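Summary of structural features
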Amino acid sequence: MADTLPVDADSKTSGATIQYHHALGSKVPPGKTVEHLSEDTLVYLVGKHVAAFQYENPQHRFILKNNKTSEIVTFCVSSNRKYIALAERLVEGALQVNIYTQHTGSKVRSLEFKYLSKLPVVSMDFSTDNKYLATVTALPDVYIYLWQVDKSRLVGMIDVPFELTRITISPWNFWTMCTTGPSSLKLWRLVDKQLKPVDPMPKRKDGTQGQAYRFTCHCWYDEEKLVAGTEEGDIIVVENSEVR
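The notes below deal with the structure included here.

Basis of the calculations
- Residues numbered from 1 in each chain as written.
- Predicted model: local features only at pLDDT ≥ 70, side-chain atom pairs only at ≥ 80, totals over all residues.
- Heavy atoms only, no water.
- Phe/Tyr/Trp six-rings, centres within 6.5 Å; stacked < 30°, edge-to-face > 60°.
- Helix = DSSP H or I, 4+ residues; strand = E, 2+ residues; numbered from the N terminus.
- Buried < 20%, exposed > 50% of the residue type's maximum accessible area, 1.4 Å probe, protein only.
- Pairing = 2+ DSSP bridges.
- Axes fitted to C-alpha atoms, helices over the stretch in contact; angles between N-to-C directions.
- Disulfide = S-S within 2.5 Å.
- Core = buried A, V, L, I, M, F, W, Y, C linked by side-chain atoms within 4.5 Å.
- Contact = heavy atoms within 4.5 Å.
- Salt bridge = Lys/Arg side-chain N within 4 Å of Asp/Glu carboxyl O.

Next up on the list: the packing of aromatic side chains. Under the defined criterion, the tally for this structure stands at seven aromatic pairs. Ring centres of Y132 and F174 lie 3.9 Å apart, and the angle between their planes is 0 degrees; this geometry places the pair in the stacked category. Residue Y132 is found in strand β10 (residues 132–137), and its partner F174 is found in the loop between β13 (166–169) and β14 (176–181); the two are separated by 42 residues along the sequence. When its relative accessible area of 23% is taken as the criterion, F174 is described as partly exposed. Considering the side-chain rings of Y145 and W147, the 6.2 Å spacing of their centres and the 50 degrees angle between planes classify their relative orientation as tilted. Relative accessible area serves as the criterion here: at 3%, W147 is assigned to the buried category. Three or more aromatic residues link up through ring pairs in this structure, and these residues are F113, Y143, Y145 and W147.

Now the structure itself:
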């Protein structure tokens, strides 16, 4: 396995260069801190670069970012483990989500946020077929964006008046998503090119939420069921868009 992956294709180098061999420490991004690329390879952020560590035959590989990138805010790996999506903040302040092949480090797609948001993406998730990517931006302007990756095309979006920390796409259909944040658990469905919210939490007669939770995580159990964890130590089960 090579010690380094190619530097971002946008970069231009001349003269002497430094080759990375190992990385000590890591950056803790919003969302996932580490993911598996294969049975023996982990991927995580180091500074403004990406490190892939093969622990059975201890070696690092890297996706190295050029001087146009000031930081990588968060990342996610596709379901087939072939692609890595990086939410990057550029030096001039613009936001991009770039998608790379994990084997060669080549950029294959770029999702532009120039006219959408200048706030960082804090969570992302690929659909099971790897054709769609959901992204969530940070406070104070929280937006959910659903992208068709192969065409770099935005297919749905919605602004959200509260903080979100995690988004996932249903493994069974790309048009259904779930988000959690400090005070919310919601489902979202793409209908007529618009994202429509579904609130599974029970309400009082006055319309307010019955019991307050601080949600920390969630995952899909099957096509109609998901589970969410709370800071209070509760496990909330949602089935057919209702809490059970």
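Here we take up the sheet that holds β13. Two orientations exist for strands paired in a sheet by backbone hydrogen bonds: parallel and antiparallel. Strand order in the open sheet formed by four strands is β13-β14-β15-β16, with antiparallel pairing between adjacent strands. Because the sheet does not close on itself, it has two edges, and the strands there are β13 and β16 (194–198). This sheet shows a mean twist of 25 degrees between the axes of neighbouring strands, independent of strand direction. Note that strand β15 (residues 184–191) and β16 share five bridges and pair antiparallel. Within the sheet, the bridge partner assigned to L187 lies in β16 and is V198.

With that settled, consider the state of the cysteines. All told, the structure shown has zero disulfides when counted by the stated rule. C178 carries a free sulfur, and the closest cysteine sulfur to it, the one in C219, is 9.5 Å from it. Exposure remark for C178: the relative accessible area of 0% places this residue in the buried category. With no disulfide of its own, C217 lies 7.3 Å from the sulfur of C219, the closest cysteine sulfur. On the basis of relative accessible area, C217 is assigned to the partly exposed category, the value being 37%.

Let's shift gears to the nonpolar core. Generally speaking, a soluble globular protein has its nonpolar side chains buried in company with each other. By size, the foremost hydrophobic cluster in this structure holds 18 residues, and its most contacted members are V136, I144, L146, V160 and M177. Breaking this core down by element, the ones donating at least two residues are β10, β11 (142–148), β12 (153–160), β13 and β15. In this structure, I144 is in contact with T135, V136, G156, M157, I158, V160, L164, I167, T179, W188 and L195, ignoring residues within four places of it in sequence. Judged by nonpolar contacts, the second largest core, of 15 residues, contains C76, L111, Y145 and V149.

It is worth spelling out the pairing of strand β8 (residues 107–112) at this point. Across five bridges, the pairing between strand β7 (residues 95–101) and β8 is antiparallel. The residue of β8 that forms the bridge with N98 is S110. Taking the residues that link successive antiparallel strands as the turn, the β7-β8 hairpin has five residues, and the phi of G105 there is positive, at about 80 degrees.

Let's shift gears to the pattern of salt bridges. Enumeration according to the criterion identifies five salt bridges in this entry. The salt bridge involving R81 is made with E35; its shortest N-O contact spans 3.3 Å. Separated by 46 residues along the polypeptide, R81 in the loop between β5 (69–77) and β6 (83–90) and E35 in strand β1 (residues 34–38) bring together distant segments of the chain. R214 serves as the salt-bridge partner of E231, at 3.5 Å between the closest nitrogen and oxygen. You can see E231 sitting in the loop between β18 (225–230) and β19 (235–239) and its partner R214 sitting in the loop between β16 and β17 (215–222), a full 17 residues away along the chain.

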